Amino acid sequence: MTDLLASLNDEQRQAVSATPGNQLILAGAGSGKTRVLVHRIAWLLQNTDITPYGIMAVTFTNKASREMRERIEEVLGFPARGMWVGTFHGLAHRLLKAHFKDAKLPENFQILDSDDQLRLLKKLVKQLNIDDERFPTKEIQWWINGQKDEGRRAAHIQAWDPQTEAQLTVYSAYEEACLRGGFVDFGELLLRAHELLRDNQHLLEHYRERFQYVLVDEFQDTNTIQYAWLRLLAGETGAVTAVGDDDQSIYGWRGAKIENIQQFEQEFSGVRTTRLEQNYRSTGSILKAANAVIENNDDRLGKELWTESDDGEAISLYSAFNEQDEAHFITERIEQWVEQGHRRDSSAILYRSNAQSRVLEEALIRAGIPYRIYGGQRFYDRLEIKNALAYLRLVISRNDDTALERVINVPTRGIGNKTVDVVREFARDHGCSMWEAMQQVLQHKLLTARAGNALISFMHLIDQMDQATDDLSLAEMTEQAIEMSGLKDHHLKEKGEKAQARLENLDELVTAAKVYDADEEQPASPLRQFLDDAALDAGEQQAEENIDSVQLMTLHSAKGLEFPQVFLAGVEKNIFPHKMSFDEPGRLAEERRLCYVGITRAMEKLYICYAESRRLHGKESFNGPSAFIREIPSSVIEEVRLRTQVTRPVSAVKGFSSVHAAADLGVKLGQRVFHQKFGEGVIMAVEGAGGNARLQINFDYEGSKWLVMQYANLRPM
Ligand code: ATP
Ligand code: MG
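Residues numbered from 1 in each chain as written. Chains lettered and ligands numbered in written order. Predicted model: local features only at pLDDT ≥ 70, side-chain atom pairs only at ≥ 80, totals over all residues.

Colleague: Go over the overall build of the protein with me, naming the residues and quoting the values.
Modeller: On a plain count of helices and strands, the protein comes out with 27 helices and 22 strands. A compact globule built from 717 residues would reach a C-alpha radius of gyration of about 27 Å, and the protein, at 28 Å, matches this within 12%. Projected onto its principal axes, the C-alpha positions of the protein cover 80 × 75 × 50 Å. The proportion of buried residues among the 717 residues of the protein is 44%. Across the protein, contacts joining residues at least 24 apart in sequence account for 74% of those joining residues at least 6 apart. (Helix = DSSP H or I, 4+ residues; strand = E, 2+ residues; numbered from the N terminus. Rg over C-alpha atoms; globule rule 2.2 N^0.38 Å. Buried ≥ 20, exposed ≤ 12 C-beta atoms within 10 Å, placed from the backbone. Contact = placed C-beta atoms within 7 Å.)

Have a look at this one:
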């Protein structure tokens, strides 16, 4: 049995060994909140007569709950069976499963994810004859989920305007459809779990008696219904330990309420509040930067963080030429880090939005560095990207059945499962491709007129796409395919963060295609090459759990985690803070909290990177450094100045350092050159040697291109 209290400071020790009662631990990043929670549970199990059965712990992600259980068992030295550890959603699901009858659900109720939910809503909108141009379904979905997060059912709402009226009509119909079909969406899990306890006194009493201790991590990101559920479950007898940091509330846009922290103090009886101020995670410089940034927010509950560790290394600020250069720089620094004997998974690259991962992923793949995307998919595995590529694959080859099956009815165009079944069967029976089968099926009139017409339009669409894209560059072709297929409109009509991300990713695919157009050594079919490369990227197995890999994730997914080395990529105006945060009050403060979360993930070394020009979502922009960078005191920042010294070994290939390769060729990295067609630019990287050496040049107006040295006819400026 380890001495649980030995490795804690005084405040932590008091919180861990406190007598029963409600507790609030309000403290900044890296001050040991999660550690206190884990130790509290272990301490209770060791020193009181409580068993694992009497404890419930709520975490923010499933991964966090697995880790929490592991840590508790590690500290205890035995398995904590019977203890409930999970996310709010996971725990609600468990309750509903156990008491499906009381919850008025069928035994095998089915969870609807947000795509299923949208599909069902679309069907209802159509049935109800609601104008989906005026009231887009995605908006209705957003609204319904918002109502559920606030604990409101359709019956509780009154509509005073046409929009609410339409939304409410759909909400009612949706509730009925879910009831009939036995469907439960994410918001419903929480809402129904709340109602279950509220309306069944015997159950409430049972669980109140059972869970004498409830512990909640990341409390600042609970929403109204989660709070209400907790309040109900705890009653006057339960002891709730809430752990949180108002400065890390980053899910306001999804209904999280920072106010729950104050409400907790007021509504729960005898709350003992502990503030932890010592940070154990980061160096002095990193902490100073974090403190300085978050100070710019108003309405904070106010905490100061200090550390005993020394300042450590300064924060490196790298101003890249463009996103490629940024990715190269990061990859190189990771290579150096690994050469110094560190593990790869001790490095994390964090970014504001999903689409930013593409360039980073490509650079890592090129450098042969295994990576893992945490809490998300690799770029070429994403649904919208696979869909867009499937259209391009059909343009190249009509007989690509997988591509055809993927998009034949995406976006929906009235080709139902039955029609597809007929085609598939015909293809199987006659040993032909589905495209050929479609032609035959039509010729032999094996379908209803309506289904037949839908097939004909689809085939037309692909043929037209083929013609339209005939003389286009690959990027234009990709753009055309995204437009003509209706994929763009499809995602435009949706609303919310996810749809926005999908659109951004589609634009990013166009950017990816541009790289091929810029390549002077054009492959015979750039499209084929593009598709093959994409397939390879997607096929690169998501690094196995046990392969040591660099961690990539959005800033949101990084909450609660820590890494010895952290790169914040794309810290630029319009990207971070996100351009959408300027319109809504409070959003900028939330972005700043996100920045605080990002900075405080770093333990030893923090890099902040921005690019002077960036191609993202298909557009080139010159954003300049984010305002957040200016909020960091210059005393803790060291600018990485590679260009003036020109000692930057960019993207060393097969043992050749770029610098040496460049010197051998008589050019210098960072040198300005003139090209007949593309104008002026800067040499950014060199690959290979001799006559076939290739240079990457960042042109002022044409962006980055790879040119073969011996044909490029460059003139030094
Ligand atoms: P966040 O707000 O980011 O979730 P947190 O407050 O939950 O952070 P923890 O993750 O619990 O912080 O702790 C941060 C780091 O500091 C961990 O590596 C933890 O093991 C270490 N730590 C916490 N308290 C102590 C202590 N008293 N002695 C040594 N290390 C500690
Ligand atoms: Mg934590």
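Colleague: Any details on the site of ligand 1? Residues and values, ideally.
Modeller: The full set close to ligand 1 counts 19 residues, and Gly-32, Lys-33, Thr-34, Arg-35 and Tyr-280 are the nearest of them. It is helix α2 (residues 33-47) that provides the largest number of residues to the shell around ligand 1, a total of three residues. Its residues assigned to classes, the shell around ligand 1 shows four nonpolar, 10 polar and five charged. Residues from two domains meet in the shell around ligand 1; each of domain 1 (10-101 + 192-278) and domain 3 (315-378 + 542-639) gives at least three. (Near = placed C-beta within 6 Å. Nonpolar A, V, L, I, M, F, W, Y, C, P; charged D, E, K, R; others polar. Domains from an automatic or database assignment.)

Colleague: Run through the UniProt feature "binding site: ATP" (unreviewed entry) in the protein, naming residues and quoting values.
Modeller: Per the UniProt record, "binding site: ATP" (unreviewed entry) is found at Ala-27, Gly-28, Ala-29, Gly-30, Ser-31, Gly-32, Lys-33 and Thr-34. Along the chain, Ala-27 turns up in strand β1 (residues 23-27). Ignoring anything within four residues of it in the chain, the contact list for Ala-27 reads Lys-33, Asp-245, Arg-275, Leu-276 and Lys-303. Among the secondary structure elements, Gly-30 is positioned in the loop between β1 and α2. In this view, Gly-30 contacts Asn-279, Tyr-280, Arg-281, Ser-282, Glu-562 and Thr-600; residues no more than four positions away in its chain are not counted. (UniProt positions renumbered as here; feature names shortened; annotations may be inferred.)

Colleague: Report on the sheet that holds strand β21 (residues 703-708), specifying residues and quantitative values.
Modeller: Pairing within the open sheet is antiparallel, and its five strands lie in the order β21-β20-β19-β18-β22. Single-partner strands in this sheet number two, and they are β21 and β22 (715-716). Where strand β18 (residues 672-675) meets β22, two bridges bridge the pair, whose relative direction is antiparallel. Within β22, the residue paired with Val-673 across the bridge is Pro-716. (Pairing = 2+ DSSP bridges.)

Colleague: Account for the packing of helix α5 (residues 114-127) against helix α6 (residues 137-149), naming residues and giving values.
Modeller: Running from N to C, α5 and α6 cross one another at 115°; their axes reach a closest spacing of 10 Å. The two elements α5 and α6 cross, and the hand of that crossing is right-handed. For the pair α5 and α6, the contacting residues are Gln-117, Leu-118, Leu-121, Lys-122 and Val-125 in the first and Thr-137, Lys-138, Ile-140 and Gln-141 in the second. Broken down by class, the residue content of the contact of α5 with α6 amounts to four nonpolar, three polar and two charged. (Axes fitted to C-alpha atoms, helices over the stretch in contact; angles between N-to-C directions. Left-handed = near helix turned anticlockwise from the far one by under 90°.)

Colleague: How would you sum up the sheet that holds strand β6 (residues 213-216)? Please name residues and give values.
Modeller: Spatially, six strands are ordered β3-β2-β6-β7-β1-β8 in an open sheet, and the strand pairing comes out parallel. At either end of the open sheet lies a strand with only one pairing partner, and these are β3 (84-86) and β8 (272-276). Taking the axes of each pair of neighbouring strands and ignoring which way they run, one obtains an average angle of 10° across the sheet. Where β6 meets strand β7 (residues 239-244), four bridges bridge the pair, whose relative direction is parallel. When the sheet's bridge partners are listed, Leu-215 is paired in β7 with Thr-241. Together, β1, β7 and β8 form the strand contacts of helix α11 (residues 259-267), whose direction differs from that of β1 by roughly 145°.

Colleague: Explain the domain arrangement of the protein to me, and be specific about the residues and the numbers.
Modeller: With domains assigned, the protein is organised as domain 1 (10-101 + 192-278), domain 2 (110-181), domain 3 (315-378 + 542-639), domain 4 (380-537) and domain 5 (658-716). For domain 3 versus domain 4, the distance between C-alpha centres works out to 33 Å. Taken together, the contacts link 11 residues of domain 3 with 12 residues of domain 4. When contributions to the side of domain 3 that touches domain 4 are tallied by element, the ones reaching two or more residues are α14 (357-367) and β15 (614-616). A breakdown of the residues in the side of domain 3 that touches domain 4 according to their chemical character gives three nonpolar, five polar and three charged.

Colleague: Give me the lowdown on the UniProt feature "domain: UvrD-like helicase ATP-binding" (unreviewed entry) in the protein, citing residues and values where you can.
Modeller: Here the UniProt feature "domain: UvrD-like helicase ATP-binding" (unreviewed entry) sits at residues 6-283. As annotated, residues 6-283 has a helix share of 50% and a strand share of 12%, and its two end C-alpha atoms lie 23 Å apart.

Colleague: Go over the confidence of the model for the protein, please, and point to the residues and values.
Modeller: The pLDDT averaged across the protein works out to 88; a share of 94% of its residues lies at or above 70. This model gives residues 643-657 a pLDDT under 50, and the stretch forms 27 contacts once residues within four places in sequence are excluded. Scoring the predicted complex yields pTM 0.76 and, for the interface, ipTM 0.99. (pLDDT = per-residue confidence, 0-100.)

Colleague: Tell me about the nonpolar core, and name the residues and values.
Modeller: Core analysis: the biggest nonpolar cluster contains 74 residues, and Ile-349, Leu-350 and Cys-609 have the highest contact counts within it. Sort the elements by how many residues they give to this core and strand β14 (residues 602-611) lands first, with eight residues. For Cys-609, the contacting residues outside a window of four places in its chain are Tyr-318, Ala-320, Glu-326, Phe-329, Ile-330, Phe-567, Leu-568, Ala-569 and Val-571. Counting residues in each nonpolar core, the second largest holds 72 residues, with Leu-4, Met-56, Leu-91 and Phe-219 among its members. (Core = buried A, V, L, I, M, F, W, Y, C linked by C-beta atoms within 7 Å.)

Colleague: Describe unusual backbone geometry, and please don't skip the residues or the numbers.
Modeller: Here the bond from Val-410 into Pro-411 is cis, since omega is -5°, no more than 30 degrees from zero. Its place among the elements puts Pro-411 in the loop between α16 (401-407) and α17 (417-430). Omega for the bond connecting Phe-576 with Pro-577 falls within 30 degrees of zero, at 5°, which places this linkage in the cis form. As for its placement among the helices and strands, Pro-577 is situated in the loop between β13 (563-568) and α24 (587-599). The backbone of Glu-218 sits at a positive phi, close to 50°, despite the residue not being glycine. Looking at the secondary structure, you find Glu-218 in the loop between β6 and α10 (224-234). Take Glu-218: there are 25 C-beta atoms within 10 Å of it, and that puts it in the buried class. The backbone of Asp-299 sits at a positive phi, close to 55°, despite the residue not being glycine.

Colleague: Describe the pairing of strand β2 (residues 55-58), with residues and values.
Modeller: Residues Ile-55 and Ala-57 of β2 are buried on one face, and the alternating residues Met-56 and Val-58, pointing to the opposite face, are buried as well. Direction of pairing for β2 relative to β6: parallel, over a ladder of four bridges. Residue pairing for β6: Ala-57 is matched across the bridge by Leu-215. Across three bridges, β2 lies against β3 in parallel orientation. Counterpart to Val-58 in the pairing with β3 is Gly-86. Assessed by its sense of winding, the connection that carries the chain from β2 through helix α3 (residues 62-76) to β3 is right-handed. (Right-handed = clockwise from strand over helix to strand, strands pointing away.)

Colleague: Summarise the packing of helix α20 (residues 474-484) against helix α22 (residues 497-518); cite the residues concerned and give the values.
Modeller: Taken N-terminus to C-terminus, the directions of α20 and α22 make an angle of 155°; their axes are 7 Å apart at the nearest point. With respect to α22, the axis of α20 lies roughly antiparallel. Where α20 crosses over α22, the handedness of that crossing is right-handed. Each of Leu-474, Ala-475, Thr-478, Glu-479 and Ile-482 in α20 lies in contact with α22, whose residues at this interface are Leu-506, Leu-509, Val-510, Ala-513, Lys-514, Tyr-516 and Asp-517. For the contact of α20 with α22, the residue count by class is eight nonpolar, one polar and three charged. (Parallel < 35°, antiparallel > 145°, perpendicular 65-115°, else oblique.)

Colleague: Give a detailed account of helix α7 (residues 162-181), specifying residues and quantitative values.
Modeller: Here α7 contains 20 residues, and its C-alpha end-to-end distance of 28 Å stays within 8% of the 28 Å for a straight helix at 1.5 Å per residue. Looking at α7, one finds that the buried residues are Ala-166, Gln-167, Val-170, Tyr-171 and Tyr-174. With its buried residues spanning 135° around the axis, α7 presents them on a single face. Seen from the open side of α7, the exposed residues pointing more than 90 degrees away from its buried face are Pro-162, Glu-176 and Arg-180. Looking at the packing, one finds that the buried side of α7 touches α5 and α6. A positive phi of about 70° marks Gly-182, the residue just after α7. (Expected span 1.5 Å × (residues − 1). Arc of directions from axis to C-beta.)

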